[in-house]
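# Overview (structure and organization)
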Amino acid sequence: MILKSHLTVSLLSILVALAGCGGGGGGGGGGSAAGTSTQTNTTSSGSGSTSTANNSASSSDDSDTEDETSDSSATALMLTDIANKIMVPAYQDLSTKTASLAATSGVQSYCDALGGANEATELESVKTLWSAASDAYAKTEVHSVGPADIDGAFRYRVSSYASAPLDECGLDNSVTNQNEADFDLASRPANQRGLGAVEYLLFNTALDHNCSSNTAPAGWNDLTDASRKSQRCEYAVELAKDIDAAADGIVDNWSADGSNYLAEFTSEGSAGEKLQELTDAIIVHMDKEAKDKKVGIPTGVKEECTSFSCPDKIERPYVKSSFDAVKANLQGFIDVIKGGDGRGFDDLFADEGYASTSNDMLAKAQAAIDNIEAATTTLSAQTLATNDASKQEACTNAYVSHDETYENYSGCALTGLLKDVTDILKIDFVTIVGVNLPGRVQADND
């Protein structure tokens, strides 16, 4: 376990103070991002002073109202561009990719090829479809708001990794029970569904169950390999359909032809509230999910890992494309900040005089992508190799001095690079945009 704290006591004090400043309309004015301004009101005596003061107060109130309206309008316009040019298209792309996985030419095609000459070819084909759907989902994680995140009803049916570890034993039992009259996939918890469940069933070459003797599916390990692969594949077909239905549900809820959440999200009247929801999603995802859960904990950098490393915590353990998931997260993050060819957070930063801060944040996100693209070994291989104190120390060094190249510890360095991004999000971003820091990250000491 490696615990690194880079925030001083004074910086934490600033952060706590800033957390109470936000709430929505957007924009912090010129000058220093963390600066404050004070206004002194004076009164004068005499019969005419009261009238003057009242008129001045009335003018001030009118001006404040106009400013708030202007802020809400600008925020709504930004949210409209981000939603129409980034978020909705990303959900539509996800729906298209999950439809391909669920189609007869997807998982079912592989199942039909089992035991035949084309089995290996079809396995690679369905792996490509699965990876495309998984990357499409990863690009949406940074903006999991509204329909995507209502009690996880849709989001965690697509992928439950951010919510809870995959229940492999529960999946094993579902496979054996799938044809029982009272079996209902819809009643299965999220951590027995989603893309992670399909990955386990199709790409895990170990066919024995992962249950204790008390919960093991009777006779499963005695079945032939062909029978077990066939049953797993049969259930994966149904899971793929469930994933596609969930992805479609997100699109339908955003659509004007469906629940039209788009109208609510882009309304000027709720601009401050929706801005806070979106920034919460961005910060929590980049800090707690992309940085901590996906690389910081598996590499042992974060204290939640109590061993030299925690390879069992990685995302996509059987396909071994954990870095691709984080890369897609970063691409989704950059898309939201830029707002496509419309107005994004980068434009808000520029309007407030902080274009250099936005550029720095985006450059740091790109540096993390460059790290991933330069990696020569998988995150799985790196975490498995970090199995003693000397290698743990090497990981620590890579995390701290992450601007250098570390062939065998690029995941540790990636954690540091992601922290560069989240440090800006948790201080400058919330100050300039004028929002509160999410409660889930306020007590984070890294």
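Residues numbered from 1 in each chain as written. Predicted model: local features only at pLDDT ≥ 70, side-chain atom pairs only at ≥ 80, totals over all residues. Heavy atoms only, no water.

Of the regular secondary structure elements, the chain holds 17 helices and zero strands. A burial count over the chain gives 49% of its 446 residues as buried. The contacts of the chain with a sequence gap of at least 6 include a subset with a gap of at least 24, amounting to 79%. As displayed, the chain offers around 19700 Å² of accessible surface, 46% of which is attributable to carbon and sulfur atoms. (Helix = DSSP H or I, 4+ residues; strand = E, 2+ residues; numbered from the N terminus. Buried < 20%, exposed > 50% of the residue type's maximum accessible area, 1.4 Å probe, protein only. Contact = heavy atoms within 4.5 Å. Areas by Shrake-Rupley, 256 points an atom, 1.4 Å probe, with all protein chains shown as cover.)

Interpreting fine coordinate detail is not advised for predicted regions of low pLDDT. Overall, the prediction assigns the chain a mean pLDDT of 87, with 83% of residues at 70 or greater. Every residue in residues 1-32 is under pLDDT 50, and counting partners more than four places away or in other chains gives 80 contacts. (pLDDT = per-residue confidence, 0-100.)

Two numbers describe a pair of packed helices, the interaxial angle and the distance between the axes. Contact pair helix α4 (residues 119-140) / helix α7 (residues 195-203): the axes reach a minimum separation of 11 Å and the direction vectors enclose 165 degrees. By the angle between their directions, the pair α4 and α7 is classed as roughly antiparallel. Of the two possible hands of crossing, α4 and α7 adopt the one that is left-handed. Counted together, L123, V126, K127, W130, A133, S134 and Y137 of α4 and L195, V198, E199, L202 and F203 of α7 form the full contact between these two elements. By residue class, the composition of the contact of α4 with α7 is nine nonpolar, one polar and two charged. (Axes fitted to C-alpha atoms, helices over the stretch in contact; angles between N-to-C directions. Parallel < 35°, antiparallel > 145°, perpendicular 65-115°, else oblique. Left-handed = near helix turned anticlockwise from the far one by under 90°. Nonpolar A, V, L, I, M, F, W, Y, C, P; charged D, E, K, R; others polar.)

Attention now goes to the pattern of salt bridges. A complete count under the given rule lists 27 salt bridges for this structure. Here D135 and R316 are joined by a salt bridge, their closest N and O atoms 3.0 Å apart. Here D135 is found in helix α4, whereas its partner R316 is found in the loop between α10 (271-299) and α11 (322-338), with 181 residues between them in sequence. As a salt-bridge pair, K291 and D292 come within 2.6 Å of each other at their nearest N and O atoms. Classification of K291 by relative accessible area gives buried; the value is 1%. In this structure D292 comes out as buried when scored by relative accessible area, which is 3%. (Salt bridge = Lys/Arg side-chain N within 4 Å of Asp/Glu carboxyl O.)

Right, let's get into the packing of aromatic side chains. For the coordinates displayed, the defined rule picks out nine aromatic pairs. Ring geometry for W130 and F203: centres 6.0 Å apart, planes at 75 degrees, overall edge-to-face. Here F203 lies in helix α7 and W130 lies in helix α4, a separation of 73 residues in the sequence. Here F183 and Y235 contribute two aromatic rings whose centre-to-centre distance is 5.9 Å and whose plane-to-plane angle is 70 degrees, an arrangement assigned as edge-to-face. Linking F183 in the loop between α6 (168-177) and α7 with Y235 in helix α8 (residues 225-254), this pair joins segments that are 52 residues apart in sequence. Assigned by exposure class, F183 and Y235 land together as buried. (Phe/Tyr/Trp six-rings, centres within 6.5 Å; stacked < 30°, edge-to-face > 60°.)

Bringing the side chain of Q192 into the picture now. With respect to the helices and strands, Q192 occurs in the loop between α6 and α7. Judged by relative accessible area, which is 7%, Q192 ranks as buried. Here D167 takes part through its side chain, which lies 3.0 Å from a polar atom of the side chain of Q192. In contact with Q192, other than residues within four places in its own chain, are D167, G170, L171, S174, A197 and L239. (Polar contact = N/O pair within 3.5 Å; in protein donor to acceptor, adjacent residues only side chain to side chain.)

Where α4 meets α11, the axes come as close as 7 Å, and the angle between the chain directions of the two elements is 45 degrees. The orientation of α4 relative to α11 falls into the category oblique. The two elements α4 and α11 meet at a crossing, and its hand is right-handed. Taken together, the residues of α11 that come into contact with α4 (itself represented by D135, A138 and K139) are D324, A325, A328, N329, Q331, G332 and D335. Among the residues forming the contact of α4 with α11, the class breakdown is three nonpolar, three polar and four charged.

With that out of the way, let us pick up the nonpolar core. Formed by 91 residues in total, the largest nonpolar core has its most connected members in V107, W254, F333, F345 and F429. Considering every element that reaches this core, the biggest residue donor is α8, with 12 residues. Those residues within four positions of F345 in sequence are excluded, and the remaining contacts are M78, I82, L275, L278, T279, I282, V336, I337, F429 and V433. Formed by eight residues, the second largest nonpolar core is a distinct cluster that contains C395, Y399, Y406 and Y409. (Core = buried A, V, L, I, M, F, W, Y, C linked by side-chain atoms within 4.5 Å.)

Here we come to the environment of R155. By secondary structure assignment, the location of R155 is in helix α5 (residues 155-158). Given a relative accessible area of 5%, R155 falls into the buried group. The residues touching R155, leaving out its near neighbours within four places in the chain, are Y137, E141, S144, A148, D149, A162 and E289.

Turning our attention to the environment of G434. Note on placement: G434 falls in the loop between α16 (410-433) and α17 (439-442). Along the sequence, G434 and G272 sit 162 residues apart, while their C-alpha atoms lie 9.4 Å from each other.

Attention now moves to the state of the cysteines. In total, this model carries four disulfides according to the counting rule given. Disulfide pairing is shown between C169 and C211; the S-S distance is 2.1 Å. Taking the sign of the torsion about the S-S bond as the criterion, the disulfide between C169 and C211, at about 110 degrees, is right-handed. With a gap of 42 residues between them, C169 in helix α6 and C211 in the loop between α7 and α8 connect regions that are remote in the sequence. A relative accessible area of 14% means that C169 is categorised as buried. Taken N- to C-terminal, the disulfide-bonded cysteines of the chain are connected 1-4, 2-3, 5-6, 7-8. (Disulfide = S-S within 2.5 Å.)

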